[in-house]
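If you want the building blocks of each chain, they are given just below.
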Amino acid sequence: MIRTFVIVLAALGSIAAVASAKSLPPNASAARTRQADAPLGRIEPTQAPVTGQEDLGDLGQPRQVLAQFYRAINNRDLNLMAQNWDQSAEAVMDNPLGGVKRGWPEIRSVYERLFRFRSQYHFEFYDYTQHEAGDLFYVVGRERGWIEVDGTRLDLAIRTTRIFRRVKGRWLQFHHHGSIEDPNMLAAYQNAVR
């Protein structure tokens with residue numbers, strides 16, 4: 001498991017690491033598969049956003065479990081969020097609201113804080129690529145969203161990576177990293193959701 005996780009982390013910096021693991025993913029924007037010995041090419045990012053409004057259908061499929069996450073966050077559904085996350089101590093989240101949180105109880109506390117936020121908000125995932133390596137898949141892209149702060153809308157732009165692993169036949173999220181480049185946007189977001 002550790003070896004597989006190291007391979008995936010290396011792949012985030014270089015698609016060649018995934019190729020050496022003998023498994024390249026289907027292109028997220030077109031259903032095709034590349035063999036590990038095929039020439040490496042650019043994987044075109046999917047622009048159609050994942051909003052949580054999609055049919056969840058088969059949660060054994062990566063796109064549906066990703067949609068499950070966005071349904072949970074946009075509907076403030078902590079039970080659905082718990083179904084999306086791996087409950088083990090290995091789960092890790094590093095995002096603008098919580099810093100580094102390890103294990104589901106710490107991760108849950110960040111979502112509880114966001115879900116208590118009284119004003120409206122919305123997040124969606126777009127401009128992403130999807131990669132699979134055995135019992136792991138990860139997506140690398142962007143989140144866009146907004147929150148209302150004292151009647152004013154604050155637009156958000158977040159670089160986002162999510163890693164899922166297959167546990168007993170279903171995908172569970174066990175790592176998330178999100179970052180906001182604009183320091184003023186980051187400060188406004190953090191101050192709004194205390």
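A quick note: this is a predicted structure, and the numbers were derived from the prediction, not measured.

About the thresholds
- Residues numbered from 1 in each chain as written.
- Predicted model: local features only at pLDDT ≥ 70, side-chain atom pairs only at ≥ 80, totals over all residues.
- Heavy atoms only, no water.
- Salt bridge = Lys/Arg side-chain N within 4 Å of Asp/Glu carboxyl O.
- Helix = DSSP H or I, 4+ residues; strand = E, 2+ residues; numbered from the N terminus.
- Buried < 20%, exposed > 50% of the residue type's maximum accessible area, 1.4 Å probe, protein only.
- 1 Å grid on protein atoms, 1.4 Å probe; cavity = no way out; pocket = protein on both sides within 12 Å on 5 of 7 lines; lining within 4 Å.
- Points joined across faces, edges and corners; volume = space filled by probe spheres on them.
- Nonpolar A, V, L, I, M, F, W, Y, C, P; charged D, E, K, R; others polar.
- Pairing = 2+ DSSP bridges.
- Axes fitted to C-alpha atoms, helices over the stretch in contact; angles between N-to-C directions.
- Contact = heavy atoms within 4.5 Å.
- Core = buried A, V, L, I, M, F, W, Y, C linked by side-chain atoms within 4.5 Å.

Attention shifts here to the pattern of salt bridges. For the structure shown, the criterion picks out nine salt bridges. The salt bridge involving Glu-143 is made with Arg-162; its shortest N-O contact spans 2.9 Å. Of this pair, Glu-143 sits in strand 4 (residues 136-149) while Arg-162 sits in strand 5 (residues 152-167), and the two are 19 residues apart along the sequence. Under the relative-accessibility criterion, Arg-162 is labelled buried at 2%.

A separate point is empty space enclosed by the protein. Summed over the entire model, instances satisfying the criterion amount to one cavity of 30 Å³ or more. For the largest cavity, the calculated volume is near 140 Å³. As for the largest cavity, its lining consists of 16 residues, of which Ile-73, Asn-95, Glu-143, His-176 and Tyr-189 are closest to the centre. If you list the elements that add at least two residues to the lining of the largest cavity, you get helix 3 (62-74), strand 1 (92-95), helix 5 (104-116), strand 5 and strand 6 (170-179). At three residues, helix 5 tops the list of elements feeding residues into the lining of the largest cavity. Taken together, the residues of the lining of the largest cavity sort by class into eleven nonpolar, three polar and two charged.

Read from one edge to the other, the open sheet built from six strands follows the order 2-1-6-5-4-3, with strand pairing classed as mixed. At either end of the open sheet lies a strand with only one pairing partner, and these are strand 2 (99-102) and strand 3 (121-133). Strand-to-strand twist across the sheet, computed as the mean angle between neighbouring axes with direction ignored, equals 25°. The sheet contact formed by strand 5 and strand 6 spans nine bridges and is antiparallel. Within strand 6, the position partnered with Arg-166 by the bridge is Trp-171. Packing against the sheet, helix 6 (residues 183-192) makes contact with strand 3, strand 4 and strand 5, and its axis sits at approximately 85° to strand 5.

The subject of this paragraph is the nonpolar core. Ile-73, Tyr-111 and Tyr-189 are the most contacted members of the largest nonpolar core, which has 39 residues in total. Residue assignment for this core shows that the elements contributing at least two residues are helix 3, helix 4 (78-84), helix 5, strand 3, strand 4, strand 5 and helix 6. Counting residues per element, this core draws most heavily on helix 3, at seven residues. Ignoring anything within four residues of it in the chain, the contact list for Tyr-189 reads Pro-96, Leu-97, Leu-114, Phe-123, Ile-147, Leu-154, Leu-156 and Ile-180.

Let us look at the pairing of strand 5. Bridge analysis of strand 4 against strand 5 gives 14 bridges, and the strand direction is antiparallel. Residue pairing for strand 5: Tyr-138 is matched across the bridge by Ile-163. Here strand 4 folds back onto strand 5 in antiparallel fashion, the turn holding two residues, of which Asp-150 has a positive phi close to 50°. Linking strand 5 back to strand 6 in an antiparallel pair, the connection comprises two residues, with Lys-168 at a positive phi of about 50°.

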